[in-house]
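Each chain is listed here by its residues.
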Amino acid sequence: MYKVAILGSTGYVGEELVRLLYNHPSVKLTHLSSHSYQSEPYSKVYPHFKDLVDEVCIEDDLSKIDADILFIALPHGIASKVVTKELLATTKVIDLGADFRITSEAYDTWYKVEHFGKEVLEEAIYGLCEWNREYIQGARLIANPGCYVTCSLLSLIPLIKEGLIDTSTIIIDAKSGVTGAGRGLNIGTHYTECNESIKAYGLTSHRHTPEIEEKLEAFGGKKVTLTFTPHLVPMNRGILTTIYASLKPGVTNHEVNKVYNTYYEKEQFVRLLGDTSIAETRWVKGSNFCDISFKVDERTNRLIIVSALDNMMKGAASQAVQNMNIMLGLEEDTGIHYVPLFPA
Ligand SMILES: NC(=O)C1=CN([C@@H]2O[C@H](COP(=O)(O)OP(=O)(O)OC[C@H]3O[C@@H](n4cnc5c(N)ncnc54)[C@H](OP(=O)(O)O)[C@@H]3O)[C@@H](O)[C@H]2O)C=CC1
Ligand SMILES: CC(=O)N[C@@H](CCC(=O)OP(=O)(O)O)C(=O)O
C-alpha cells in the first residue's frame, strides 16, 4: 500500500480526491491537511464520509507528513513554495493547481504572483495522460492540467497535429459549472448571484489561455494563438467546450472522424461520439470520461467540436489519480473507472 497525503483536502478538488482514493485498492490515505479544520474529523467537514473517513485533519506541515505520494489541491501560488528538490527526493508529487503547468515567464505574466519553485519547475511533467504517458511514468512531479484546458487539448491536439484546421482561426467558447470556482466564498458564485444567469468572464485575459496555447504547440507541433472565452453556468459540475475552427481546403467529415479514431480509438477515457450525437455535461458527471463530438459546417467550411468532461474529475481529481496510476505502474484505470452518475 502506498501512503498518500493531500494538502487542501477540504476543498472541492481535495474532497473528490479523498472520495477516489478511499476506494483505491493500492493506496492508504494517511494525511488530510486543512488550515480551517485542523483537529476536526474529516467526516465532520463532509458528513457523507461518516464512518468512512473519520480521520482528523492535520496542519499542512510537511515535516510531519511521511507519504509516498503527495497531492496538492491548494490555490495557486502555494505549491511553488512547498515543492522542493528535497521533497521530491522522497515523495512523488501531483499538483492540481497551476504552479507547474506553464513556463515561468508565462506564469509571471498571467498569474502575477511570485513563483518560488523555479528550480523544480523544469522537472515538472505535464499530466495530460493520453498525450504524455511516456514521461509521466518516470516523473517525480506532475502538473495536473486545468479543467478547461484538458477539454480543449483533447479536442484540438489530433486536428492540429494532422493539419486539418487553420490554427489562426480557433475560438474556444467554454462553460463551467460553479464548482470550478472552488468552495471558498466569492460573491460571483453566491447562489443568488449566479443562479438563473449565464455570464462570460475573463475575456481576452483568462489564465487558461497561455496553458492551452503552450500545450497545443508542445503536443500538436504548431504555434497557435487563439481566442478562449469561459462562461459560468449555474450547475454544480461540468465543462463544455464548443470550439470553432476553419477547415483546411478539402478536409471532410470522414477525415476528421478518421483522425480522432486514430488517436483515441484505444483510449478508454476519451469517448468519440462522432457527428451522430452531441456531447453533454450530464453524460460525464462523476466520471473520468471526456466525450468529444463534432460537425462539419459545409456552408461555412468550419468545424465545430463540442466536448464535455467533469471539471472535478477528468478536469482535476480523477485525472490526477490516472497520473498517479501511471507513475506507480498500476493499471491506468485503477480506482477511476466509474460509470457517470445519472441523474445527478
Ligand atoms: N474546482 C475545480 O474544478 C478545479 C480546481 N483546480 C485547482 O485545484 C486547486 C484546488 O481547487 P478547489 O478545490 O476548487 O479550491 P477550494 O477553494 O475548494 O479549496 C482550496 C483548499 O485549499 C485550502 N486553502 C485555501 N487557502 C489556503 C491558503 N492560503 N493556504 C493553505 N491552504 C489554503 C482550503 O481549505 P482549508 O482552509 O481547510 O485549508 C481548501 O481546502 C486550485 O489550484 C484550483 O485551481 C483544478 C482543476 C479544476
Ligand atoms: C468557474 C471558474 O471560476 N473556474 C476557474 C477555473 C478552474 C480552476 O480551478 O482553475 P485551474 O484549472 O487552473 O486550476 C476559473 O475560471 O478560474
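All figures in this text were calculated on a predicted structure; none of them were measured in a lab.

K.L.:
So what's going on with the sheet that holds strand 3 (residues 69–72)? Which residues, and what values?
P.N.:
As summarised here, the arrangement of the six strands in space is 2-1-3-4-6-5, forming an open sheet in which the pairing is parallel. For this open sheet the edge positions go to strand 2 (27–32) and strand 5 (125–126), each flanked by a neighbour on one side alone. This element, helix 1 (residues 12–22), spans strand 1 (2–7), strand 2 and strand 3 of the sheet and lies at about 150° to strand 2.

K.L.:
Can you explain the site of ligand 2? Please cite residues and give values.
P.N.:
In the region of ligand 2, the neighbouring residues are Gly-97, Ala-98, Gly-146, Cys-147, Ser-176, Gly-180, Ala-181, Pro-230 and Leu-232. Here the residues of the shell around ligand 2 sort into five nonpolar, four polar and no charged.

K.L.:
Tell me what's going on with the domain arrangement of the chain, and back it up with residues and numbers.
P.N.:
What the domain assignment reports for the chain is domain 1 (2–144 + 316–328) and domain 2 (147–309). Once you take the C-alpha centre of each, domain 1 and domain 2 turn out to be 25 Å apart. Taken together, the contact between domain 1 and domain 2 spans 17 residues of the former and 17 residues of the latter. The set of elements that each furnish at least two residues to the side of domain 1 that touches domain 2 consists of helix 5 (104–111), helix 7 (129–137) and helix 12 (317–328). Broken down by class, the residue content of the side of domain 1 that touches domain 2 amounts to ten nonpolar, five polar and two charged.

K.L.:
Which residues make up the nonpolar core, and what values do they have?
P.N.:
Membership of the largest hydrophobic core comes to 89 residues, with the highest contact counts inside it found for Leu-17 and Phe-71. For this core, the element with the highest residue contribution is helix 8 (residues 147–161), accounting for ten residues. When residues of this core are sorted by domain, at least three fall in each of domain 1 (2–144 + 316–328) and domain 2 (147–309). Residue contacts for Leu-17: discarding those within four places in its chain leaves Ile-6, Phe-71, Ala-73, Ala-317 and Ala-320.

K.L.:
For the pairing of strand 2, give the residues involved together with the corresponding values.
P.N.:
Inspection of the sheet shows strand 1 paired to strand 2 by five bridges, in the parallel sense. Paired with Tyr-2 across the two strands is Val-27, which belongs to strand 2. Running through helix 1, the crossover from strand 1 to the neighbouring parallel element strand 2 is right-handed.

K.L.:
Go over unusual backbone geometry, please, and point to the residues and values.
P.N.:
Phe-342 connects to Pro-343 through a cis peptide bond whose omega is -5°. Position of Pro-343 relative to the elements: it lies in the segment after helix 12. Although it is not a glycine, Glu-196 adopts a positive phi angle of roughly 60°. Topologically, Glu-196 is positioned in the loop between helix 9 (191–194) and strand 8 (199–200). Among the residues examined, Glu-196 registers 7 C-beta atoms within 10 Å and is labelled exposed. One non-glycine residue with positive phi stands out, namely Thr-204, at about 65°. Its location among the elements puts Thr-204 in the loop between strand 8 and helix 10 (208–220). When the 8 C-beta atoms within 10 Å are taken as the criterion, Thr-204 is described as exposed.

K.L.:
Break down the UniProt feature "active site" (unreviewed entry) in the chain for me, citing the residues and quoting the values.
P.N.:
Annotation from UniProt places "active site" (unreviewed entry) at Cys-147. Of note, Cys-147 is situated in helix 8. In contact with Cys-147, not counting residues within four places along its chain, are Ser-176, Gly-180, Ile-239, Asn-311, Gly-315 and Ala-316.

K.L.:
Outline the site of ligand 1, supporting the account with residue identities and numerical values.
P.N.:
Not every one of the 28 residues close to ligand 1 is listed here, only the nearest: Gly-11, Ser-36, Gly-97, Gly-182 and Arg-183. Per-element tally for the shell around ligand 1: the top contributor is helix 1, with three residues. Taken together, the residues of the shell around ligand 1 break down into eleven nonpolar, 16 polar and one charged.

K.L.:
Report on the sheet that holds strand 8, specifying residues and quantitative values.
P.N.:
Read across the sheet, seven strands follow the order 8-9-7-10-13-12-11 without closing on themselves; strand pairing throughout is mixed. In the strand order of this sheet, the two ends are held by strand 8 and strand 11 (270–274), each with one partner. Two strands pair when backbone bridges link them, and strand 11 and strand 12 (residues 290–297) are joined in this way by four bridges, in the parallel orientation. When the sheet's bridge partners are listed, Arg-271 is paired in strand 12 with Asp-291. Against the sheet, helix 11 (residues 253–264) engages strand 11, strand 12 and strand 13 (302–309), with an angle of about 165° to strand 11.

Conventions adopted
- Residues numbered from 1 in each chain as written.
- Chains lettered and ligands numbered in written order.
- Predicted model: local features only at pLDDT ≥ 70, side-chain atom pairs only at ≥ 80, totals over all residues.
- Pairing = 2+ DSSP bridges.
- Helix = DSSP H or I, 4+ residues; strand = E, 2+ residues; numbered from the N terminus.
- Contact = placed C-beta atoms within 7 Å.
- Axes fitted to C-alpha atoms, helices over the stretch in contact; angles between N-to-C directions.
- Near = placed C-beta within 6 Å.
- Nonpolar A, V, L, I, M, F, W, Y, C, P; charged D, E, K, R; others polar.
- Domains from an automatic or database assignment.
- Core = buried A, V, L, I, M, F, W, Y, C linked by C-beta atoms within 7 Å.
- Buried ≥ 20, exposed ≤ 12 C-beta atoms within 10 Å, placed from the backbone.
- Right-handed = clockwise from strand over helix to strand, strands pointing away.
- UniProt positions renumbered as here; feature names shortened; annotations may be inferred.

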